[in-house]
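# Descriptive analysis of the structure
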Amino acid sequence: MDSHVLGGCHEFVGNPESGSRQGGPEPDRGRPGLPWIRSTLTPQPGEPATRDGNDGMDQRDTQGSPASDAGLEQLVVRLRDAEDRLRAVTQQVRIGLAVTGPDHRYRFANQAYADLLRLPTGDLVGQRVADVLPEVYETQIRPRLDRALTGETVSYELVTPAHGELQERRYAVTYQPGREESGEPEVTVVVQDITEQATTARRLRDSEERFRAAVQAVQGVVWTNDAEGRMSGEQPGWAALTGQTEDEYQGYGWSSAVHPDDAQPSIMAWTRAVSLREPFIFEHRVKTRGGEYRRFAIRALPLLGPDGSIREWVGVHTDVTEQRARERRDAFLLALEDLLGRAATPEEASAGASELLGRSLDAGRVTYAEIDEATDSLTVSREYLAAGMPSAAGTYPLSGLGPALDHYRRGQPIIVTDSRQDPRTAAFAARPDTLAMRTRAMLDMPLVRQGRLVAILAVNHPAPREWTREEVELVRATAERTWDAFERTRAEARIRELNATLERRVSEAVNERNRLWAVSEDLFVTADFTGRLLEVSESWTRLLGWDRETLLRDGYVHLIHPDDLDLARDQLEALQRSGRSVSYENRVLKQDGEWRLIDWTLNMEPDGGRLYGVGRDITRERAQTQALAEVQAQLHEVQKLESIGQLTGGVAHDFNNLLTPIVGALDILSRRVTDDRAQRLITGALQSADRAKTLIQRLLAFARRQTLQPQAVVPAKLVLGMRDLIERSLGPLIEVRLDLPADLPSILVDPNQLELALLNLSLNAHDAMPDGGRLSIAARVMDVGTRTRSGLAPGRYVRLMVSDTGSGMDADTLKRAIEPFFSTKAVGRGTGLGLSMVHGLAAQSGGLFELESRPGEGTTAALWLPVADEQPKAEAVQPHEWLGTGRSVKVLLVDDEDAVRTVAAEGMRELGYEVVEAVNAATALELVGNGLRADIVVTDHMMPGMTGADLAGELRRQQPSLPVLLITGYAHLSPERARGLPVLPKPFRPVELAATLSEMLAAAGR
């Protein structure tokens, strides 16, 4: 602001609302919006001085009285005039001005301030800044305004956010601190709108970033030169590319990083472009920081000043190494394809390819060798030779390739930079014959087709040479394409040869066809789509009985089974519609009325007029397939049952070992406890254990793994003895009928298991007759002459039949009835093992189990059991309790299960036996070896290291008459594996063990 406005310097010190000025007249308060002005006035020419220029206060006389009234009035007028002019100036400028104090309230604000900040129309004086600019006050204004009030000049960029239709704006804001005459601080606010400048700057930065990204995307390096074309200043891109320092690339120093062959041409072309002020476009090779030469395309443009003079040059180096390599490769391959396409023989192809590759790579020698594994040879017939290179043509044994042959056969190229330095080839390269071939560098590319080495393309050079990856790939492509040309030319040669003999071969083929039609048992036919047969082979008459004339006259429609006509029609339509061969089966009528199943394959002429077919009689084959499927299904069922049996047998064995100490302990406690309540509990536990024992026996019976004790049994006597039990089990609503001939022979079976089986069958019948009915048990003698499909061996059998008049079973239920755990009963009402146990008993007894049933017609279960060769033994009376032996008997007890051994020993001691325990067979043998003399041995069968049967054999070699009892929970201990020793199956009670021992001791005379 010009100083003559007030005739001197000025500063803002207050506003009209701040009260009266000290020591001066009160200005006009009708002019709000301007600060009070304290000025040092310089008198205008011809005017008397009215102010003291030293302190800026009103001039007063020494007594403190004001100056003359006229002088003061003149001063006020001039002051108001200056204020008017200052107000006019501040309202006209486009810079926002405002003044605020410690209370952050406006004391002054010009119109530009409100316009720039897009504030509502109205006087801002007296308003709080926080209310006028609430969105930016706390974050941008208040902290900086507080700093300015402490005396600090603050400048910053204020950003007002977009609001509604108003966009974001940016302002340059300066806070200039000051003070009123009272000493109170105030801040002058200067605001300029810099939105457009900021936008322009941002766009410039974005443009620079895009340019930088574009240069990086094309692998470019940006550099600049001065107007004279000399590189100067920092060039980070060039330094990063070449590794040159600033001192090294200054001026034309950059040319030292260019390939020696390209450096001078680059400088000459660059100098010419600079002198002509035209774009510089060039290519050369640059040595990169890593020492590798790479090819770059260069483009540089001059940047001109306003006067048209060149300010500087800006250029970009773009890496085109791979691009140029691809272009050279593509050009080479195009030329190779053209050359190979014109080759008529393999020799022409190999010669042309070798020469083209040799000239392209500037190689000394290129050979294409064919491999013949049958003769163990390698043949080079054509080759490319540079001047002075000797020929390698000839045939060589493959064994001469040495270890390299394995690499070739795996399709691995052999690349040698210097054969005299490479440890793989140094010895070979030193040989006189190799030296004569002048091969220092070599690139051998094998070609493997269908796992067989067929050719090697070898490129040799007389001097050491680094082979690039692009050169290796070019040699590989040449080898592959040349071999393809070999195959093509050979195929074309064969076609030419075939064409030359076509007539002869056609004649031979027709004769062969006629012979085939005459002798083949397949039905050959030519027909049309209307149902006519145009030609048939002689096999039609041999197989179907129809003569040729009848077939050609009557056609083929009447020969097709009525049920197969739709299928045949659909297949013919599909053939006619698509033109592709069809295959299907249908039944064809023989002259004698029999139907034969024929497998047809039909095809059609290209013009669609005729069809050709061949049919094969598969009647017998299909019958055999069906029979085989039935046998396989039966085998599958047998295998499934066998697998389930193995599983259940193993589970039952483990349960036997678990139940033995439980049953034994409960049995011992039952004799020791006198309390009635405890006795009832023990009795209940024993009953549960017995039921568990019965369940395990059923599992073992199904699995055919229980230790059966077959003996001669009179079936009628056994069934009659069970009648009361069966009737009580079935109840009064079911009538029991028996049909048992008196002359039935004895059968070989375990009587206990047979009783259990009959009881299970009876209970199943009871469940099938909830409203009552009739149960019949009958028996008949059956003679089987030959082995049946079910596996029943020839011999005499008693067929025990249990029949009911119940609900019966459908086919699906009948099929699964003997599966273990399969049950149609409600949950908790059956184990699903009853019929499985019966099936297992029959199979293990050498017999058969059959089920016949239909819904609503009842069920018949039949047990086939072999007739015994011996008579039944007289029944022995077995005591229910064993009260002791009456004398001391020493028992050696061997069992690896601690719980079983402990309970058995305790039970035997309680019954008067002297028991010596051993945890395994080895311990038992050690005890006997140390002098133990036992009266009897009780041993588990399955133990680690040695079985009980093996232990018995060892002991009996020392004491031949020593009685040995096997106790086992093992599922399938056969008499053969037990070696004739008596067996007591687990679980057992101590009294049962004692009774068995007593019998064995009595039999042994001890």
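Rules behind the numbers
Residues numbered from 1 in each chain as written. Predicted model: local features only at pLDDT ≥ 70, side-chain atom pairs only at ≥ 80, totals over all residues. Heavy atoms only, no water. Helix = DSSP H or I, 4+ residues; strand = E, 2+ residues; numbered from the N terminus. Buried < 20%, exposed > 50% of the residue type's maximum accessible area, 1.4 Å probe, protein only. Contact = heavy atoms within 4.5 Å. Areas by Shrake-Rupley, 256 points an atom, 1.4 Å probe, with all protein chains shown as cover. Core = buried A, V, L, I, M, F, W, Y, C linked by side-chain atoms within 4.5 Å. Axes fitted to C-alpha atoms, helices over the stretch in contact; angles between N-to-C directions. Left-handed = near helix turned anticlockwise from the far one by under 90°. Nonpolar A, V, L, I, M, F, W, Y, C, P; charged D, E, K, R; others polar. Pairing = 2+ DSSP bridges. Patch = residues over 30% accessible without salt bridge, like charges linked within 9 Å, V, L, I, M, F, W, Y side chains within 5 Å. Salt bridge = Lys/Arg side-chain N within 4 Å of Asp/Glu carboxyl O. Lys, Arg positive; Asp, Glu negative; His and termini not counted. Charge placed at Lys NZ, Arg CZ, Asp CG, Glu CD. Polar contact = N/O pair within 3.5 Å; in protein donor to acceptor, adjacent residues only side chain to side chain. Expected span 1.5 Å × (residues − 1). Arc of directions from axis to C-beta. pLDDT = per-residue confidence, 0-100.

## With respect to the overall build of the chain
The secondary structure content of the chain amounts to 29 helices and 34 strands. Across the 1006 residues of the chain, 42% fall into the buried class. Residue pairs in contact within the chain that sit at least 24 positions apart in sequence constitute 57% of those at least 6 positions apart. For the chain, the accessible area works out to roughly 54200 Å², and carbon and sulfur atoms hold 51% of it.

## Some points on the nonpolar core
Counting 41 residues, the largest nonpolar core has Leu754, Phe849, Leu851 and Leu863 as the members making the most contacts within it. Of all the elements, helix α22 (residues 751-768) adds the most residues to this core, at seven residues. Apart from the residues lying within four places of it in its own chain, the contact partners of leucine 851 are Met809, Leu814, Ala817, Ile818, Leu835, Thr859, Thr860 and Ala861. Counting 31 residues, the second-largest nonpolar core is a separate cluster that includes Leu333, Leu361, Met445 and Phe486.

## A word on the packing of helix α21 (residues 715-730) against α22
Two numbers describe a pair of packed helices, the interaxial angle and the distance between the axes. At a minimum axis separation of 10 Å, α21 and α22 run at an interaxial angle of 35°. Two packed elements cross with a definite hand, and for α21 against α22 that hand is right-handed. For the pair α21 and α22, the contacting residues are Leu718, Val719, Met722, Leu725, Ile726, Ser729 and Leu730 in the first and Pro751, Leu754, Glu755, Leu758, Leu759, Ser762, Leu763 and His766 in the second. When the residues that make up the contact of α21 with α22 are grouped by side-chain class, the tally is 11 nonpolar, three polar and one charged.

## Description of the sheet that holds strand β22 (residues 611-617)
Taken together, the five strands give an open sheet; going across it, the order is β19-β18-β22-β21-β20, and neighbouring strands pair in antiparallel fashion. Only two strands of the sheet have a single partner each, and these edge strands are β19 (533-536) and β20 (582-589). Each strand of the sheet is rotated relative to its neighbour by a mean of 30°, with strand direction disregarded. Pairing of strand β21 (residues 595-604) with β22 involves seven bridges; the strand directions are antiparallel. Bridged to aspartate 599 within β22 is arginine 616. The strands touched by helix α15 (residues 502-519) are β18 (523-527) and β19; relative to β18, the strand with the most contacts, the crossing angle is about 120°. Sitting on the sheet, helix α18 (residues 565-578) touches β20, β21 and β22, and the angle it makes with β20 is about 145°.

## Considerations on a negative patch on the surface
Negative charge collects at one region of the surface, where Glu234, Glu246, Asp247 and Glu248 lie side by side. Position of glutamate 246 among the secondary structure elements: in helix α7 (residues 246-249).

## Topic: the pairing of strand β3 (residues 96-100)
With five of five residues buried, β3 lies mostly within the body of the structure. Along β3, one buried face is formed by Gly96, Ala98 and Thr100 and the opposite face, lined by Leu97 and Val99, is buried too. Inspection of the sheet shows β3 paired to strand β7 (residues 185-193) by five bridges, in the antiparallel sense. Bridged to alanine 98 within β7 is valine 189. Relative to strand β4 (residues 106-109), β3 is paired through three bridges, and the arrangement is antiparallel. Across the sheet, alanine 98 pairs through a bridge with alanine 109, a residue of β4. A loop of five residues connects β3 with β4, the two strands running antiparallel in sequence, and histidine 104 in this loop sits at a positive phi of about 55°.

## A closer look at the pairing of strand β26 (residues 773-784)
As paired strands, strand β24 (residues 734-739) and β26 are joined by six bridges and run parallel to one another. Its bridge partner being in β26, valine 736 is matched across the sheet by leucine 775. Here β26 pairs with strand β27 (residues 795-804) via 10 bridges, running antiparallel. The partner of arginine 780 across the bridge, within β27, is arginine 799.

## Comments concerning unusual backbone geometry
Omega for the peptide link from lysine 986 to proline 987 comes to 0°, which places this bond in the cis form. The residue proline 987 is located in the loop between β34 (983-985) and α29 (990-1004) in this model. Despite not being glycine, arginine 118 shows a phi value in the positive range, around 55°. Secondary-structure assignment places arginine 118 in the loop between α2 (111-116) and α3 (129-132). Positive phi values are uncommon outside glycine, yet arginine 277 reaches one of about 55°.

## Details of the side chain of threonine 489
Note that threonine 489 resides in helix α14 (residues 469-500). Residue threonine 489 is classed as buried on the basis of its relative accessible area, which comes to 1%. From its side chain, threonine 489 meets the backbone oxygen of phenylalanine 486 in a polar contact 2.9 Å long. In this structure threonine 489 touches Ala343, Ala344, Thr345, Pro346 and Arg496, once residues within four positions along its chain are discounted.

## Thoughts on a nonpolar patch on the surface
Taken together, the side chains of Leu647, Val651, Phe655 and Leu658 define a hydrophobic patch exposed on the protein surface, amounting to about 380 Å² of accessible area. Judged by relative accessible area, phenylalanine 655 falls into the partly exposed class, the value being 42%.

## Structural notes on helix α9 (residues 321-342)
Counted at 1.5 Å a residue, the expected span for α9 with its 22 residues is 32 Å, and the 32 Å between its end C-alpha atoms agrees. Residues of α9 that are buried: Thr321, Arg324, Ala325, Phe332, Leu333, Leu336, Leu339 and Leu340. Projected down its long axis, α9 carries its buried residues within an arc of 165°, all on one side. In α9, those exposed residues whose orientation departs by more than 90 degrees from the buried face are Leu334, Gly341 and Arg342. Those residues of α9 hidden inside the fold are in contact with β9 (280-287), β10 (293-304), β11 (310-319), α10 (346-361) and α14.

## A closer look at the sheet that holds strand β14 (residues 394-397)
Taken together, the six strands give an open sheet; going across it, the order is β14-β13-β12-β17-β16-β15, and neighbouring strands pair in antiparallel fashion. Each having just a single partner strand, β14 and β15 (414-416) make up the two edges of the open sheet. The sheet shows a mean angle of 20° between the axes of neighbouring strands, direction not considered. In terms of strand pairing, strand β12 (residues 365-372) meets strand β13 (residues 377-385) through seven bridges, oriented antiparallel. By the bridge assignment, isoleucine 371 is partnered in β13 with leucine 378. Across the face of the sheet, α14 comes into contact with β12, β15, β16 (441-449) and β17 (452-461) while running at roughly 45° to β16.

## Describing the confidence of the model for the chain
Per-residue confidence for the chain gives a mean pLDDT of 81; residues scoring 70 or more make up 83%. Mean pLDDT across the elements of the chain bottoms out in strand β1 (residues 10-14) (32) and peaks in β9 (95). Under a pLDDT of 50 for its full length, residues 1-67 has, in the predicted model, 120 contacts with residues more than four places off or in other chains.

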